[in-house]
Amino acid sequence: MYSGGTSYNMQIPAIAEQSKFKGLNTIGSGDCLNSKWLNHFLSNVSKIDEGTFEHKSGTRFILTTEIEDQRRVHHLIIFPSISSIQEFRNQIKGKSPNLDTDGRCNINLRGGEILDIVKSFDGLVGPSHAFTPWTSIYKEYDSLEDCYKTKNVPFLELGLSADTQMADCISELKDVTFMTNSDAHSPWPHRIGREFNRLKVKDNSYDEIANAILRRGGNKFVLNVGIDPDLGKYHITACTRCYKKYKTRKTTEIKNRCTCGGLIKKGVAERVKELCDQEVTHPPHRPKYLKTIPLAEILVQSMGLASVNSKKVQDMWKLLIQSFKNEINVLIIASRDEIEKIAGDKVAQAIVDFREGNIHIEPGGGGMYGKISLNKKDRNQSSLDGYL
Ligand SMILES: [Zn+2]
Ligand SMILES: [Zn+2]
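Basis of the calculations
Residues numbered from 1 in each chain as written. Chains lettered and ligands numbered in written order. Predicted model: local features only at pLDDT ≥ 70, side-chain atom pairs only at ≥ 80, totals over all residues. Heavy atoms only, no water. Helix = DSSP H or I, 4+ residues; strand = E, 2+ residues; numbered from the N terminus. Rg over C-alpha atoms; globule rule 2.2 N^0.38 Å. Buried < 20%, exposed > 50% of the residue type's maximum accessible area, 1.4 Å probe, protein only. Contact = heavy atoms within 4.5 Å. Areas by Shrake-Rupley, 256 points an atom, 1.4 Å probe, with all protein chains shown as cover. Pairing = 2+ DSSP bridges. Axes fitted to C-alpha atoms, helices over the stretch in contact; angles between N-to-C directions. Donors = N, O, S within 2.8 Å, 3.2 Å for Na, K, Ca; no water. Tetrahedral: all angles 85-135°; square planar, octahedral: opposite > 155°, others 65-115°. Parallel < 35°, antiparallel > 145°, perpendicular 65-115°, else oblique. Nonpolar A, V, L, I, M, F, W, Y, C, P; charged D, E, K, R; others polar. Salt bridge = Lys/Arg side-chain N within 4 Å of Asp/Glu carboxyl O. Polar contact = N/O pair within 3.5 Å; in protein donor to acceptor, adjacent residues only side chain to side chain. Phe/Tyr/Trp six-rings, centres within 6.5 Å; stacked < 30°, edge-to-face > 60°. Domains from an automatic or database assignment.

Remarks on the overall build of the chain
A tally of helices and strands in the chain yields 15 helices and 15 strands. The globule rule puts the C-alpha radius of gyration for 388 residues at 21 Å, and the 21 Å found for the chain is close to it. When its C-alpha atoms are laid out on the principal axes, the chain stretches across 55 × 55 × 40 Å. Burial status across the chain gives 54% buried among its 388 residues. Partitioning the contacts of the chain with sequence separation of at least 6, the portion at a separation of at least 24 is 65%. Carbon together with sulfur atoms contributes 48% to the accessible area of the chain, which is approximately 17,600 Å² in total.

Below, the structure written as structure tokens:
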């Protein structure tokens, strides 16, 4: 709640409760370098071990933050303990103007320098939302090594606009664990846990999770669940003011300026295509990637309503969650008949359409999320037709 654009309701008890409805059992604390947030966090959880904490609802947390480096590249850091947070703060003293006034602070160091500090206390660091056009590693560099001065980077966050199918055409990523994480700026059900990972671990503690990221002792990621990349805000190259979509070749001719005068931002699909140096090759450790659409978005469309914040959508979402325990059960497991009994034919059909890949998505770009359409006539059109 101390990050720009983050809701005041985004507090630990609300996050912990909402995460349970999503079927998540462990989440990142976020913003743990901010001492006010860290105090709020610690007063709401009990310690399981140095790097693992639990809210009374049963939701567990590990210590995470995103930071922005000197070149405006975002990194995710996972800390093994509270004392390592203190150590990191000491080592960057004088290098951050907003350590305690923002949730995601700026640090006046390069990626490689940050990686060295994190390694000194056995923490983990990797690129956040790796392909997005404003603040990601690949908007700034053409390789991980250019940023970190080493090829040995444990993980990379794919971000909402990319998936495994896209990223596995980049050969330098073959040993990197892909994470499908999403941040949330409000605890609404369509925002929290939009993406998540399933891990093979003995229990959900920091050490076990770190071992899964590093693929040690048989621990590993067994499923990446991410929203359909077409729904991401920066999937396609588009104007950031009027959201008109462009082909990349055209954008260089017109110097990245839209006819409306707005700035055109390169889409993730385009950037991945530029970086691509091999046929899509999934290394043996790579888990399956499951594309999802947030249930609230499916409800808005199937109920013919305007917004995910409408009370009818929220009420239907709650009813379905009460009936099937969590969102993943509704989207993936519950039978059509069971859903129909509770939510009616239109909602049940929309969920079946989602399962069968029959929902058309108008891709997002320029900062606007993609839009889903249940309209039958849109379905046979490929979402990227005409854009790449
Ligand atoms: Zn970020
Ligand atoms: Zn424009």
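Picking up where we left off.
Some words on the sheet that holds strand S10 (residues 220-227)
Judged by pairing direction, the sheet is mixed, and its three strands sit side by side in the order S9-S10-S13 without closing on themselves. In this open sheet, the two edge strands, each paired with only one partner strand, are strand S9 (196-200) and strand S13 (288-292). Here the average twist between neighbouring strands, direction ignored, is 20 degrees. Strand direction decides the pairing type here: S9 and S10, joined by five bridges, are antiparallel. Paired with Lys-200 across the bridge in S10 is Lys-220.

Things to note about the coordination of the zinc ion (ligand 2)
Within the first shell, the zinc ion (ligand 2) binds the protein through Cys-239 (SG), Cys-242 (SG), Cys-258 (SG) and Cys-260 (SG), at distances of 2.2 to 2.4 Å. Around the zinc ion (ligand 2) sit four donor atoms; with metal-centred angles ranging over 103 to 115 degrees, the donor geometry is tetrahedral. Taking the relative accessible area as the measure of exposure, Cys-239 reaches 0% and is therefore buried.

Some details on the packing of helix H1 (residues 12-22) against helix H2 (residues 35-42)
At a minimum axis separation of 9 Å, H1 and H2 run at an interaxial angle of 60 degrees. Taken together, the axes of H1 and H2 lie oblique to each other. Contacts between H1 and H2 involve Ile-12, Pro-13 and Ile-15 from the first element and Trp-37, His-40 and Phe-41 from the second. The class makeup of the residues in the contact of H1 with H2 is five nonpolar, one polar and no charged.

A few points about the pattern of salt bridges
Under the definition given, this model contains 18 salt bridges. When the shortest N-O distance is used, the salt bridge between Glu-140 and Arg-71 registers 2.8 Å. Taken together, the residues span a long stretch of sequence, with Glu-140 in helix H5 (residues 137-140) and Arg-71 in the loop between strand S4 (60-68) and strand S5 (74-79) at a distance of 69 residues. Owing to a relative accessible area of 27%, Glu-140 belongs among the partly exposed residues under this scheme. Take Arg-71: its relative accessible area is 27%, and that puts it in the partly exposed class. As a salt-bridge pair, Asp-315 and Lys-311 come within 2.8 Å of each other at their nearest N and O atoms. Of this pair, Asp-315 and Lys-311 are both found in helix H12 (residues 311-324), four residues apart, which corresponds to roughly one turn of the helix. Classification of Asp-315 by relative accessible area gives partly exposed; the value is 35%. By relative accessible area, Lys-311 is classed as exposed at 60%. Each of Asp-142, Lys-266, Arg-271 and Glu-274 takes part in one network of salt bridges that share partners.

Points about the environment of Arg-72
Here Arg-72 lies in the loop between S4 and S5. Expressed as a C-alpha distance, the spacing of Arg-72 and Ser-136, which sit 64 residues apart in the sequence, is 7.5 Å. With sequence-adjacent residues up to four places away left out, Arg-72 is seen in contact with Trp-134, Thr-135, Ser-136 and Lys-139. In this structure the side chain of Arg-72 is engaged in a polar contact, spanning 3.4 Å, whose partner is the side chain of Glu-68.

Considering helix H4 (residues 111-120)
Here H4 has its buried residues at Gly-111, Gly-112, Ile-114, Leu-115, Ile-117 and Val-118. Taken together, the buried residues of H4 touch S4, S5, helix H3 (82-91), strand S6 (124-127) and helix H6 (144-148).

Some details on the coordination of the zinc ion (ligand 1)
Put simply, a metal with four donors set out as a tetrahedron has ideal angles of 109.5 degrees, and one with six donors set out as an octahedron has ideal angles of 90 or 180 degrees. The zinc ion (ligand 1) binds to the protein through Glu-66 (OE), His-74 (ND1) and His-129 (NE2); the donor distances cover 1.8 to 2.1 Å. Here the donor residues of the zinc ion (ligand 1) are spaced in sequence according to E-x7-H-x54-H. Overall, Glu-66 belongs to the buried group, its relative accessible area being 16%. Exposure remark for His-74: the relative accessible area of 4% places this residue in the buried category.

So, the packing of aromatic side chains
Evaluation of the coordinates by the stated rule reveals seven aromatic pairs. Here the aromatic rings of Phe-79 and Phe-121 are separated by 5.7 Å at their centres, their planes lie at 15 degrees, and the arrangement is stacked. Linking Phe-79 in strand S5 with Phe-121 in the loop between H4 and S6, this pair joins segments that are 42 residues apart in sequence. Phe-121 carries the same exposure label as Phe-79, and that label is buried. These aromatic residues form a ring-pair network of at least three members: Phe-41, Phe-53 and Phe-61.

Looking at the domain arrangement of the chain
Each assigned domain of the chain is listed here: domain 1 (12-227), domain 2 (231-271) and domain 3 (295-358). Computed over C-alpha atoms only, the centres of domain 2 and domain 3 are separated by 33 Å.

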